[in-house]
Amino acid sequence: MKSDDIHRSLATLKEHDVELIIGEPTDCPPGKYISFRDPFGNVWEYLQFN
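All figures in this text were calculated on a predicted structure; none of them were measured in a lab. (Residues numbered from 1 in each chain as written. Predicted model: local features only at pLDDT ≥ 70, side-chain atom pairs only at ≥ 80, totals over all residues. Heavy atoms only, no water.)

Asker: Explain the overall build of the protein chain here, please?
Answerer: Each helix and strand counted, the protein chain has one helix and three strands in total. Ordered by position in the sequence, the α and β elements of the protein chain form the string α-β-β-β. The C-alpha radius of gyration computed for the protein chain amounts to 10 Å, which stays within 12% of the reference 10 Å derived for 50 residues, consistent with globular compactness. The buried share of the protein chain, taken over its 50 residues, is 26%. When contacts within the protein chain are restricted to residue pairs at least 6 apart in sequence, long-range pairs at least 24 apart make up 27% of them. Roughly 3,600 Å² of accessible area belongs to the protein chain as shown, and the carbon and sulfur atoms make up 53% of that amount. Charge separation in the protein chain, taken as the distance between the mean sites of 5 positive and 9 negative side-chain charges, equals 3 Å. (Helix = DSSP H or I, 4+ residues; strand = E, 2+ residues; numbered from the N terminus. Rg over C-alpha atoms; globule rule 2.2 N^0.38 Å. Buried < 20%, exposed > 50% of the residue type's maximum accessible area, 1.4 Å probe, protein only. Contact = heavy atoms within 4.5 Å. Areas by Shrake-Rupley, 256 points an atom, 1.4 Å probe, with all protein chains shown as cover. Lys, Arg positive; Asp, Glu negative; His and termini not counted. Charge placed at Lys NZ, Arg CZ, Asp CG, Glu CD.)

So this is what it looks like as structure tokens:
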């Protein structure tokens, strides 16, 4: 999923006690990302493009 503000997206996930896999914005070729697990075990990512 695309995020315009990865730090805000991360704060929202933390507010809802979501299980974080990569819990700090991490550099990747197109920008920064975080990943988390939903209640069903699926892994999702937020990506903020540079």
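Still to come is the rest of the account.
Asker: Hey, could you run me through the sheet that holds strand β2 (residues 31–37) in this one?
Answerer: What holds strands together in a sheet is hydrogen bonding between their backbones, with the strands either parallel or antiparallel. Judged by pairing direction, the sheet is antiparallel, and its three strands sit side by side in the order β1-β2-β3 without closing on themselves. Edge positions in the open sheet fall to β1 (19–28) and β3 (43–49), since each of these has one partner strand only. Pairwise comparison of adjacent strand axes, ignoring direction, gives a mean angle of 15° for this sheet. Alignment of β2 against β3, held across seven bridges, turns out to be antiparallel. From the neighbouring strand, F36 faces β3, where its bridge partner is W44. (Pairing = 2+ DSSP bridges. Axes fitted to C-alpha atoms, helices over the stretch in contact; angles between N-to-C directions.)

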